[in-house]
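Read off the chains here:
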Amino acid sequence: MNGDRPLADTPQHDDLQQPFDVIGRTETVRHGAAHFRTPTEPAETPPIDPEGKGEKRHRTAKGWAIALGIIAALYLVGVAVWSNIYLPGTTINGRDVSLRTPAAVSQEYNTSSAGYTLTVSGDGVAMSIKRADINLVYSYDDSLEAALAQRSAWAWPVSIFQPEDLEADYAPTFDADMLKSAIASAVAGVNANATQPKSATLAYDSGSQTYQIQAEQYGTAVDPDAVFAEISSALSGYAETLELGQESLVKPAIVSGDEVLTNAQQTANGMLAATQTLTTNGSTVDTVGPDLISQWIDFANDMTPSLNDTKVANWAQNDFSKKEDSVGASRTYTTPYGKQVSVSGGTYGWNVNGNELASSISANIKAGTAASIDIPWKQTASTVNPGGADWGKRYIDVDLAEQHARMYDESGSLVWETDIVSGNSTRGHGTPEGVYFINNKAMNQTLIGLDENHDGDPDYKTPVTYWLPFVDNLVAFHDAWWRGRFGGSIYQSNGSHGCINLPSEKAKALYGLAQVGDVVVVHK
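Residues numbered from 1 in each chain as written. Predicted model: local features only at pLDDT ≥ 70, side-chain atom pairs only at ≥ 80, totals over all residues. Heavy atoms only, no water.

S.K.: How do you make sense of the overall build of the protein chain when you look at a structure like this?
M.R.: Each helix and strand in the protein chain was counted, giving 13 helices and 29 strands. Every one of the 524 residues in the protein chain was classed for burial, and the buried ones make up 37%. As displayed, the protein chain offers around 29,000 Å² of accessible surface, 51% of which is attributable to carbon and sulfur atoms. (Helix = DSSP H or I, 4+ residues; strand = E, 2+ residues; numbered from the N terminus. Buried < 20%, exposed > 50% of the residue type's maximum accessible area, 1.4 Å probe, protein only. Areas by Shrake-Rupley, 256 points an atom, 1.4 Å probe, with all protein chains shown as cover.)

The following block contains the structure:
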């Protein structure tokens with residue numbers, strides 16, 4: 001074409017990128033590939049920013065970076081400063097140390113502590129303690145540094161607006177013996193007339209039938225050891241005053257919340273719950289319940305409960321036996337021949353085996369076991385009839401007033417009777433009244449009297465054929481072959497030494513009828 005430059009004159013290379021003009025067109029060659037822009041296609045130009053917004057954004061970002069750098073620098077400066085100086089509003093053990101270094105505060109304290117005095121009051125105690133009184137020496141430096149470290153300097157932007165009371169132990173050294181001596185003098189006068197504390201304890205409540213905790217009571221006695229501890233703590237904090245309170249009083253040995261007390265309560269109430277039902281022949285005679293059991297429980301000084309076996313035995317052998325035993329008890333009844341009689345004494349009747357009963361009751365209560373116990377008896381009677389005749393229809397009746405004796409068989413029929421001569425009451429040999437039983441039968445015995453005339457020999461030796469004793473082997477039914485008369489008032493002047501004298505034939509008949517164990521009732 002006209003005006004075109006030969007292509008052969010243009011250097012070419014596959015690995016070069018080179019723009020060149022061909023008849024007003026711009027051509028770009030990239031590794032053998034060419035792009036041609038037509039004359040009407042606009043040329044690529046940079047974007048136009050007529051308002052300069054990009055430059056403004058650049059300046060703003062730069063400003064923020066500078067501001068943050070300044071803030072960071074100020075923060076770090078603050079960290080450095082407040083790592084060595086107490087923040088505003090800071091107190092140590094209640095004393096203001098704001099805006100001072102630990103070293104400055106230490107110097108101040110060392111200067112002022114030369115005249116340091118701790119004034120102690122409360123609980124009736126009044127004393128002042130000076131440094132010289134107990135050779136008191138303080139070590140402030142380490143304690144003040146440790147107190148400063150309690151607040152993080154890194155949090156100073158927040159902490160600077162939050163006052164805080166720090167704690168420091170100034171690790172004082174002092175003569176403990178001198179302090180204890182001073183305390184002893186101050187406390188002695190208070191304790192001379194002080195009220196001692198009372199420990200919490202357990203008390204039986206009859207309403208709930210359980211043991212309830214009674215709270216401890218603080219007295220007014222002061223505990224020197226507690227005061228020593230309180231003063232030592234006050235000295236460690238460089239306190240100038242100390243008000244003693246309940247913590248300085250002698251404490252009760254046991255308080256309401258102590259485990260030993262709650263354990264004791266549980267154990268004791270377990271024993272109270274062990275009700276014992278006492279029976280005879282399937283019938284309930286008595287019940288041992290909480291009200292009674294509580295009287296048998298003892299508590300040691302440490303409140304450990306225990307059942308007092310002696311108290312249980314005393315109850316079984318005395319209170320219970322007296323109520324249930326009929327041996328020797330007063331009995332009122334009507335004889336088969338219509339006479340109303342009241343008689344007491346003797347050896348026949350119900351007699352509880354107190355030792356055996358107490359042993360069973362104690363074992364059950366200690367185990368916390370409620371149980372039914374068949375009452376053990378040393379001796380029984382024919383029937384249970386408190387206050388009345390507890391023997392059967394078969395018995396021997398001796399009426400001292402009538403001087404007459406009768407025997408009834410199992411049906412209540414009269415099978416034997418006779419006039420008698422009983423003991424000489426005017427000479428103190430009266431036949432003992434009471435309910436007894438034949439305890440032996442023997443023949444051809446010799447009665448040997450006492451030596452009442454003091455001649456060294458028995459007052460008499462008398463042989464008898466029939467011998468039926470009912471008071472040991474001393475008082476018995478026996479034949480009195482030497483007598484010609486019986487009954488009436490003979491006993492008042494010429495009575496026996498206590499035995500029941502019988503006509504020989506009547507003695508023989510009774511010997512044949514009576515059996516060992518037959519009841520003998522002697523009355524007036």
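Having seen the structure, we can now continue with the description.
S.K.: I tried to follow the sheet that holds strand β21 (residues 395-399) on my own but got confused; where do I start?
M.R.: Whether parallel or antiparallel, the strands of a sheet pair through hydrogen bonds between backbone atoms. The five strands lie next to each other as β23-β22-β21-β29-β24, forming an open sheet whose pairing is mixed. For this open sheet the edge positions go to β23 (414-419) and β24 (434-437), each flanked by a neighbour on one side alone. With strand direction ignored, the average angle separating the axes of adjacent strands in the sheet is 15°. The sheet contact formed by β24 and strand β29 (residues 519-523) spans four bridges and is antiparallel. Residue pairing in the sheet places Gly434 in a bridge with Val522 of β29. Packing of helix α13 (residues 504-513) onto the sheet brings it into contact with β21, β22 (404-408) and β23, and relative to β23 it is tilted by some 150°. (Pairing = 2+ DSSP bridges. Axes fitted to C-alpha atoms, helices over the stretch in contact; angles between N-to-C directions. Contact = heavy atoms within 4.5 Å.)

S.K.: Would you mind going over the nonpolar core with me for this structure?
M.R.: Burial of nonpolar side chains together is a common tendency in soluble globular proteins. Judged by nonpolar contacts, the single largest core of 43 residues is most densely connected at Leu278, Trp296, Trp315 and Ile361. When contributions to this core are tallied by element, the ones reaching two or more residues are α8 (259-272), α9 (290-293), α10 (309-324), β17 (340-345), α11 (354-366) and β29. Look past the residues within four positions of Ile361 in its chain and what remains in contact with it is Gln276, Leu278, Val288, Trp296, Val312, Trp315 and Ile373. Ile134, Leu136, Val222 and Phe228 belong to the second largest nonpolar core, which has 35 residues in total. (Core = buried A, V, L, I, M, F, W, Y, C linked by side-chain atoms within 4.5 Å.)

S.K.: Please explain unusual backbone geometry as it appears in this structure.
M.R.: Not every positive phi belongs to a glycine, and Tyr238 is a case in point at roughly 55°. Position of Tyr238 relative to the elements: it lies in the loop between α7 (224-236) and β11 (241-243). If you check the backbone angles, Gln403 has positive phi at about 55° while not being a glycine. Here Gln403 shows up in the loop between β21 and β22.

S.K.: Looking at this structure, I do not really get the sheet that holds strand β12 (residues 276-280). What am I missing?
M.R.: Ordered in space as β13-β12-β19, the three strands form an open sheet in which the pairing is mixed. Where the open sheet ends on each side, the last strands, each with one partner, are β13 (283-288) and β19 (371-374). Neighbouring strand axes in the sheet, compared pairwise and without regard to direction, differ in orientation by 30° on average. Bridge count for β12 against β19 is four bridges, and the pairing is parallel. Each residue of the ladder has a partner; that of Thr279, found in β19, is Asp374. In this fold α10 packs onto β12 and β13, with an angle of close to 140° to the strand it touches most, β13.

S.K.: Honestly, the environment of Glu247 in this entry has me stumped. Any pointers?
M.R.: Its location among the elements puts Glu247 in the loop between β11 and α8. For the pair formed by Glu247 and Val222, sequence separation is 25 residues and the distance between their alpha carbons is 9.3 Å. With residues up to four places along the chain from it excluded, the contact list for Glu247 reads Ala226 and Glu230.

S.K.: What is the right way to look at the confidence of the model for the protein chain in this model?
M.R.: Should the pLDDT be low somewhere, the predicted coordinates at that spot are not to be read in detail. Across the protein chain, the average pLDDT comes to 88, with 89% of residues at 70 or higher. In the model, residues 1-40 has pLDDT below 50 throughout and makes 35 contacts with residues more than four positions away in sequence or in other chains. (pLDDT = per-residue confidence, 0-100.)

S.K.: Is there a simple way to explain the side chain of His523 in this structure?
M.R.: Counting through the fold element by element, His523 comes out in strand β29. Polar side-chain contacts of His523 include one of 3.4 Å to the side chain of Tyr337. If we ignore the near neighbours within four places in the chain, the residues touching His523 are Tyr333, Thr335, Tyr337, Val341, Val343, Asp397, Val398, Asp399, Leu400, Ala401 and Glu433. (Polar contact = N/O pair within 3.5 Å; in protein donor to acceptor, adjacent residues only side chain to side chain.)

S.K.: Explain a nonpolar patch on the surface to me, please; I cannot follow it from the model alone.
M.R.: A cluster of nonpolar side chains, namely Trp64, Leu68 and Ile71, defines an oily patch on the protein surface of about 380 Å² accessible area. When you line up the elements, Trp64 lands in helix α1 (residues 53-82). A relative accessible area of 59% means that Trp64 is categorised as exposed. (Patch = residues over 30% accessible without salt bridge, like charges linked within 9 Å, V, L, I, M, F, W, Y side chains within 5 Å. Salt bridge = Lys/Arg side-chain N within 4 Å of Asp/Glu carboxyl O.)

S.K.: It is not clear to me how the pairing of β17 should be interpreted in this structure. Could you clarify?
M.R.: Sheet faces and side chains relate simply in a regular strand, where the side chains alternate between the two faces. Of the strand pairs in this sheet, strand β16 (residues 328-334) and β17 are connected by five bridges, and their pairing is antiparallel. Paired with Thr334 across the two strands is Gln340, which belongs to β17. Between the end of β16 and the start of β17, which pair antiparallel, lie five residues, with Gly338 showing a positive phi angle near 90°.

S.K.: How do you make sense of α11 when you look at a structure like this?
M.R.: Two residues of an α-helix separated by three or four positions point the same way, owing to the 3.6 residues in each turn. Here α11 is 13 residues long and its end C-alpha atoms lie 18 Å apart, about the 18 Å a rise of 1.5 Å per residue gives. Of all the positions in α11, only Gly354, Leu357, Ala358, Ile361, Ser362, Asn364 and Ile365 are classed as buried. For α11, the buried positions fall inside an angular range of 165° around the axis, keeping them on one side. Immediately downstream of α11, the backbone of Gly368 shows phi near 70°, a positive value. (Expected span 1.5 Å × (residues − 1). Arc of directions from axis to C-beta.)

S.K.: Mind showing me how you'd approach the side chain of Glu324 here?
M.R.: One can find Glu324 in helix α10. The buried charged residue Glu324 lacks any salt bridge, with Lys323 as its nearest oppositely charged partner at 4.2 Å. If we ignore the near neighbours within four places in the chain, the residues touching Glu324 are Val285, Trp350, Val352 and Trp377. (Lys, Arg positive; Asp, Glu negative; His and termini not counted.)

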